[in-house]
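Chain and residue survey
One letter stands for each residue in the lines below.
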Amino acid sequence: DAGITQSPRHKVTETGTPVTLRCHQTENHRYMYWYRQDPGHGLRLIHYSYGVKDTDKGEVSDGYSVSRSKTEDFLLTLESATSSQTSVYFCAIRPSSGSTYEQYFGPGTRLTVT
Amino acid sequence: EDKVVQSPLSLVVHEGDTVTLNCSYEVTNFRSLLWYKQEKKAPTFLFMLTSSGIEKKSGRLSSILDKKELFSILNITATQTGDSAIYLCAVRDGSSNTGKLIFGQGTTLQVKP
């Protein structure tokens, strides 16, 4: 257990509404990542963070923004949700200790945009 | 464009069978290859491979990397119904220190009793 929680775990929202997903970690890891998972696509990186206020785009960042004002929280915002953003969203951390690069995932948020 | 491709995309076997899952990659700045298992929840880490020809083993699961031919295989022997899952392969992109992973599409394995 990498001490990662995500909230909400499930959400249904309407097209055009803003949505914020939260990822919270308790072990002070520097690197955090947001992915989306869709059938046939595996996991695709949306945004990542390498420290407080340090974030960068992944391969599918259009329509998403992120913020990291505290080490423990990484927020993903859909400014105006669209049906194409219906997906399962996973947050991940990379342990700061040692030289390993594996990532550990949170439980996921299932988002449905109607 | 960097990519990771897994095959087959899905597989149905019976308990006791041995399966081999494949992962090929084209990643400019390859650093390591990782395997994950995903049941009805978050992916869980299985192995990380960085060197060619060195087998990683955990119980009935084993994996090996071939950096010359740019692929890895994940073997599962004596399969059990609990092995039913999506198996994800990912490659770490070494173009920065951020540890970005590029994932394949996944192989869905179903093990029937």
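For clarity, every value in this text was computed on a predicted model and none was experimentally measured.

Rules of the game
Residues numbered from 1 in each chain as written. Chains lettered and ligands numbered in written order. Predicted model: local features only at pLDDT ≥ 70, side-chain atom pairs only at ≥ 80, totals over all residues. Heavy atoms only, no water. Helix = DSSP H or I, 4+ residues; strand = E, 2+ residues; numbered from the N terminus. Rg over C-alpha atoms; globule rule 2.2 N^0.38 Å. Disulfide = S-S within 2.5 Å. Buried < 20%, exposed > 50% of the residue type's maximum accessible area, 1.4 Å probe, protein only. Pairing = 2+ DSSP bridges. Contact = heavy atoms within 4.5 Å. Axes fitted to C-alpha atoms, helices over the stretch in contact; angles between N-to-C directions.

Focus on the overall build of chain B
When helices and strands are tallied, chain B shows zero helices and 11 strands. Helices (α) and strands (β) of chain B occur, in sequence order from the N terminus, as β-β-β-β-β-β-β-β-β-β-β. In terms of overall dimensions, chain B is globule-like: its C-alpha atoms have a radius of gyration of 14 Å, near the 13 Å expected for 113 residues. Over its C-alpha atoms, taken along the principal directions, chain B stretches across nearly 45 × 30 × 20 Å.

Some details on the state of the cysteines
Enumeration over the complete set of coordinates arrives at two disulfides over all chains. Residue pairing for cysteine 23 of chain A: its cysteine sulfur links by disulfide to cysteine 91 of chain A, the two sulfurs lying 1.9 Å apart. Handedness here is read from the sign of the S-S torsion; for cysteine 23 of chain A and cysteine 91 of chain A, about -70°, the answer is left-handed. In this pair, cysteine 23 of chain A is assigned in strand β3 (residues 19-25) and cysteine 91 of chain A in strand β9 (residues 87-94), connecting sequence segments 68 residues apart. Residue cysteine 23 of chain A shares its accessibility class with cysteine 91 of chain A, and that shared class is buried. Cysteine 23 of chain B shares a disulfide with cysteine 89 of chain B; S-S distance 1.9 Å. Between cysteine 23 of chain B and cysteine 89 of chain B, the disulfide has an S-S torsion of -65° and is therefore left-handed. Residue cysteine 23 of chain B is found in strand β3 (residues 19-26), and its partner cysteine 89 of chain B is found in strand β9 (residues 85-93); the two are separated by 66 residues along the sequence.

Let's talk about the pairing of strand β11 (residues 107-112) of chain B
Residues and elements named next belong to chain B. The alternating pattern of β11 places Thr107, Leu109 and Val111 on a buried face and Thr108, Gln110 and Lys112 on a face that is not buried. Bridge analysis of strand β2 (residues 10-14) against β11 gives five bridges, and the strand direction is parallel. Among the inter-strand pairings, valine 12 is bridged to a residue of β11, identified as glutamine 110. As paired strands, β9 and β11 are joined by three bridges and run antiparallel to one another.

Here's the deal with the environment of threonine 100 of chain A
With respect to the helices, strands and loops of the structure, threonine 100 of chain A is situated in the loop between β9 and β10 (104-105). Residue classification places threonine 100 of chain A among the partly exposed residues on the basis of a relative accessible area of 30%. With 13 residues separating them along the chain, threonine 100 of chain A and serine 87 of chain A place their C-alpha atoms 29 Å apart. Apart from the residues lying within four places of it in its own chain, the contact partners of threonine 100 of chain A are Arg94 and Pro95 of chain A together with Met48 of chain B.

Comments concerning the sheet that holds strand β1 (residues 3-7) of chain B
All names here are of chain B. Strand order in this open sheet of five strands is β1-β3-β8-β7-β6, and the pairing throughout is antiparallel. On the outer flanks of this sheet lie β1 and β6 (56-58), each paired with one strand and no other. Strand-to-strand twist in this sheet, taken as the mean axis angle between neighbours without regard to direction, amounts to 15°. Here strand β7 (residues 61-66) runs beside strand β8 (residues 71-76); their pairing, made up of six bridges, is antiparallel. Counted as the bridge partner of serine 62 is asparagine 75 from β8.

Thoughts on unusual backbone geometry
Of note, the amide linkage connecting serine 7 of chain A to proline 8 of chain A takes the cis form, showing an omega dihedral of -10°. When you line up the elements, proline 8 of chain A lands in the loop between β1 (4-7) and β2 (10-13). A positive phi angle, near 65°, is found at asparagine 28 of chain A, a position not held by glycine. Structurally, the position occupied by asparagine 28 of chain A is in the loop between β3 and β4 (31-38). With a relative accessible area of 61%, asparagine 28 of chain A lands in the exposed category. One non-glycine residue with positive phi stands out, namely alanine 78 of chain B, at about 45°. By secondary structure assignment, the location of alanine 78 of chain B is in the loop between β8 and β9.

Structural measurements only, silent on function.
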